[in-house]
Amino acid sequence: MVYDLIVLGGGPAGYLASERAGHAGMKVACVEKRSVGGVCLNEGCIPTKTLLYSAKLLDGAAHGDKYGVRTEGLSIDHAKVVARKDKVVKTLVAGVKSSLKANGVELISGEGVIIGKYEEDFAVKVNEEILTGKQLLIATGSSPAVPPIPGLKEGLASGFVLTNREILDIKEKPGSLVVIGGGVIGLEMASYFNSVGTKVTVIEMLDHIAGENDPELVGLLQKGYEKKGIVFHLNSKVTEVSEDGVTFEKGGESQRIAADKVLLSIGRRPNTSGVGLETIHVYTERGAIVTDNRMKTNIPGVYAAGDVNGKSMLAHTAYREAEVAVNNMLSKKDVMRYNAIPGVIYTNPELSSVGETEFSALGKGLKADVVKVPMRFSGRYIAENEGGDGIAKLVIDKSSRTLLGAQVLSNYSSEFIVACSTFIELQLTVDDIKEIVFPHPTVCEIIREAIFQY
Ligand code: NAI
């Protein structure tokens, strides 16, 4: 049988594209070698948020006294937290499977490898069987980057060093954890293990954690976690991993920290090798598939979406890229825009951002004004955050008075940053936004407060 579309990978890009294409009447095969849902559902977004919710409850109870709530004998059952995480993942994986089925998608379990063209169609080998498809969507995702640090490979093999996959399954919380890389994964896991009582040290190569986020908000986040006991070593280069610790260089000096476990979270690389891209001459650059804004590769009929194109390694980007790809297969006009994609680090408090920061705007030569307000301007924030010191910032284009970016360090910010994405996408001016009614009392009112400061 010839499929209209073969999708390689059943993660957010792959499964959503399959569903959308199936819904539109295409005959679709979705090939997945592990579990549908990909990294996001099985070992990323969802499992971490499940763990972090338990940590949030624990933190809330631990500080209950501030709110007139007395708690005694508080403890965490890490094994139970992990078991609940497994249940949540199982429920959602089942949901994806049933949605694929409802949209007429054939889910094929196995590793799909492109082996070339068969007449006009693309040929994919799965479990010794050859499938052929008129079009291909490559959505094979990404894997943790493993740098050539002495002892790292051995540590990974022995289970002393963990990646985002294994750390979610350890049944006992380690007494101490060294996190290599203070990015998104590193900070979220550092946050969880700090809450449950593990001694956490973060080693970061750069002079700041949290990537390209606003430095002032990042500084506040770091200070907050330092108060809670996390030790950060910035400008630090790991030189060796041994069976019971990590050695790193900082300011020309070598230091060593003993650890029960090490988390490696220094970024991810697109999964492009072993996929058979060379058999149909799909173009890659620095290991990522090159796509245009319609998610088309250099080969007509071959699309790529999600982490594999290396543009924005986020599940929600993958969803939208999947839709853009399918719409273009169906000859519907649709292009991918990357300027209003929100990003969230689910620490406590959450750090949410979209668009330009003050510094990225400056770097691009944009003439921008910045409005900064303390989260204390929100009544709901004060009610729920005794002593909280969060900040919200808006970056506004001087001449058009439209929003260029927003950054918020606060609980719930993950839930309302999309309002700012919408304002950016719709190019609303400050005056347009002033006419929008926000529910009261909410933390999101901070955006309205900030807008009226301009
Ligand atoms: P990342 O790119 O967010 O952070 C990696 C960090 O490691 C950077 O700060 C980098 O400077 C540092 N680093 C690199 N090499 C190093 C070395 N040798 N020693 C010390 N530090 C080093 O990557 P991460 O955290 O692994 O996450 C991977 C991907 O997963 C990201 O693209 C992220 O966006 C995505 N993700 C998104 C989440 C979310 O949206 N909440 C949650 C988890 C992951």
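Predicted model only: the values in this text are computed from it and were never measured.

Let's talk about the overall build of the protein
Within the protein, the regular secondary structure consists of 14 helices and 24 strands. Structurally, the protein occupies a C-alpha span of about 70 × 60 × 45 Å along its principal axes. Within the protein, the proportion of its 454 residues that are buried is 52%. A sequence separation of at least 24 residues applies to 63% of the contacts in the protein between residues at least 6 apart. Taken as a whole, the protein presents about 21200 Å² of accessible surface, with 52% of it coming from carbon and sulfur. Side chains of the protein give 50 positive and 55 negative charges; the mean places of these two sets differ by 2 Å.

As for the environment of Val161
Among the secondary structure elements, Val161 is positioned in strand S8 (residues 161-162). By relative accessible area, which is 1% here, Val161 ends up buried. Along the backbone, Val161 and Ser414 are 253 residues apart, and their C-alpha atoms lie at a distance of 30 Å. Not counting residues within four places of it along the chain, the set of residues in contact with Val161 comprises Leu152, Gly155, Leu156, Val241, Val262 and Leu264.

Here's the deal with the site of the ligand
The environment of the ligand is formed by 19 residues, the closest being Ile185, Glu188, Glu204, Gly267 and Val344. Within the side chain of Glu204, an N or O atom sits 2.6 Å from an oxygen atom of the ligand. Between Met313 and the ligand, the recorded distance is 3.5 Å, taken from a backbone N or O atom to an oxygen atom. Expressed as a share of its isolated accessible area of 850 Å², the protein-covered part of the ligand is 80%. Taken together, the residues that form the shell around the ligand break down as 11 nonpolar, five polar and three charged.

A look at the pattern of salt bridges
This structure, assessed with the given rule, holds 20 salt bridges. Of the charged contacts, one joins Lys372 and Glu216 as a salt bridge, the two residues approaching to 2.6 Å between their closest N and O atoms. Of this pair, Lys372 sits in strand S22 (residues 368-374) while Glu216 sits in helix H8 (residues 215-227), and the two are 156 residues apart along the sequence. Its relative accessible area of 46% is what places Lys372 among the partly exposed residues. One salt-bridge network, in which partners are shared between bridges, spans Asp214, Glu216, Glu358, Lys372 and Lys393.

Here we look at the domain arrangement of the protein
Interface size is commonly expressed as the accessible area that is lost once the parts come together. By domain assignment, the protein separates into domain 1 (2-144 + 269-329), domain 2 (152-266) and domain 3 (343-452). The centre of domain 1, based on its C-alpha atoms, is set 30 Å off from the matching centre of domain 3. Between domain 1 and domain 3, the residue contacts involve six residues of the former and seven residues of the latter. Of the roughly 570 Å² buried between domain 1 and domain 3 on both sides combined, carbon and sulfur atoms contribute 53%.

Things to note about the nonpolar core
In summary, soluble globular proteins display a tendency toward joint burial of nonpolar side chains. Within the largest apolar cluster, 34 residues are counted, with the highest numbers of intra-cluster contacts made by Ile167, Tyr192, Phe193, Phe232 and Leu351. At the level of secondary structure, the elements contributing two or more residues to this core comprise helix H3 (45-62), strand S9 (176-180), helix H7 (184-195), strand S10 (199-203) and H8. Among the nonpolar cores identified, the runner-up in size contains 30 residues, and Leu137, Met295, Ala318 and Val326 belong to it.

Some words on unusual backbone geometry
Here Asn348 and Pro349 are connected by a cis peptide whose omega angle stands at 10°. In this structure, Ala210 is a non-glycine residue whose phi angle is positive, near 65°. Looking at the secondary structure, you find Ala210 in the loop between S10 and H8. Unlike most non-glycine residues, Ser331 shows phi in positive territory, near 60°. Mapping Ser331 onto the fold places it in the loop between helix H9 (315-329) and strand S20 (343-345).

Considerations on the packing of helix H1 (residues 12-23) against helix H4 (residues 78-102)
In a pair of packed helices, the angle between the axes and the distance between the axes together describe the arrangement. Relative orientation of the contacting elements H1 and H4 amounts to 30°, with a least axis distance of 8 Å. Classified by the interaxial angle, the pair formed by H1 and H4 is roughly parallel. Once H1 is placed against H4, the crossing between them reads as left-handed. Where H1 abuts H4, its residues Tyr15, Ser18 and Glu19 lie against Val96, Ser99 and Leu100. Partitioned by chemical class, the residues of the contact of H1 with H4 number three nonpolar, two polar and one charged.

A short note on the pairing of strand S1 (residues 2-8)
Counting buried residues along S1, six of its seven residues qualify, which places the element largely inside the surrounding structure. Relative to strand S6 (residues 129-138), S1 runs parallel, the two sharing six bridges. Across the sheet, Val2 pairs through a bridge with Thr132, a residue of S6. Two elements, S1 and strand S2 (residues 28-32), share four bridges in a ladder whose sense is parallel. In the sheet register, Leu8 faces S2, and the bridge partner there is Val31. The handedness of the S1 to S2 crossover, carried by H1, is right-handed.

Details of the sheet that holds S8
Taken in spatial order, the five strands make up an open sheet running S8-S15-S9-S10-S11, and their pairing is parallel. Edge positions in the sheet fall to S8 and strand S11 (231-233), since each of these pairs with one other strand and no more. Where H7 meets the sheet, its contacts fall on S9, S10, S11 and strand S15 (261-264), and the angle it forms with S10 comes to roughly 165°.

Points about the sheet that holds strand S13 (residues 245-250)
Working definition: the strands of a sheet are paired by backbone hydrogen bonds and lie parallel or antiparallel to each other. Here three strands make up an open sheet; going across it, the order is S12-S13-S14 and the pairing antiparallel. In this open sheet, the two edge strands, each paired with only one partner strand, are strand S12 (236-242) and strand S14 (253-258). Sheet twist, expressed as the mean angle between neighbouring strand axes with direction ignored, is 25°. Here S12 runs beside S13; their pairing, made up of six bridges, is antiparallel. Looking at the pairing, Lys237 lines up with Glu249 of S13.

Rules used throughout
- Residues numbered from 1 in each chain as written.
- Predicted model: local features only at pLDDT ≥ 70, side-chain atom pairs only at ≥ 80, totals over all residues.
- Heavy atoms only, no water.
- Helix = DSSP H or I, 4+ residues; strand = E, 2+ residues; numbered from the N terminus.
- Buried < 20%, exposed > 50% of the residue type's maximum accessible area, 1.4 Å probe, protein only.
- Contact = heavy atoms within 4.5 Å.
- Areas by Shrake-Rupley, 256 points an atom, 1.4 Å probe, with all protein chains shown as cover.
- Lys, Arg positive; Asp, Glu negative; His and termini not counted.
- Charge placed at Lys NZ, Arg CZ, Asp CG, Glu CD.
- Near = heavy atom within 4 Å.
- Polar contact = N/O pair within 3.5 Å; in protein donor to acceptor, adjacent residues only side chain to side chain.
- Nonpolar A, V, L, I, M, F, W, Y, C, P; charged D, E, K, R; others polar.
- Salt bridge = Lys/Arg side-chain N within 4 Å of Asp/Glu carboxyl O.
- Domains from an automatic or database assignment.
- Buried area = accessible area lost by both parts, 1.4 Å probe.
- Core = buried A, V, L, I, M, F, W, Y, C linked by side-chain atoms within 4.5 Å.
- Axes fitted to C-alpha atoms, helices over the stretch in contact; angles between N-to-C directions.
- Parallel < 35°, antiparallel > 145°, perpendicular 65-115°, else oblique.
- Left-handed = near helix turned anticlockwise from the far one by under 90°.
- Pairing = 2+ DSSP bridges.
- Right-handed = clockwise from strand over helix to strand, strands pointing away.

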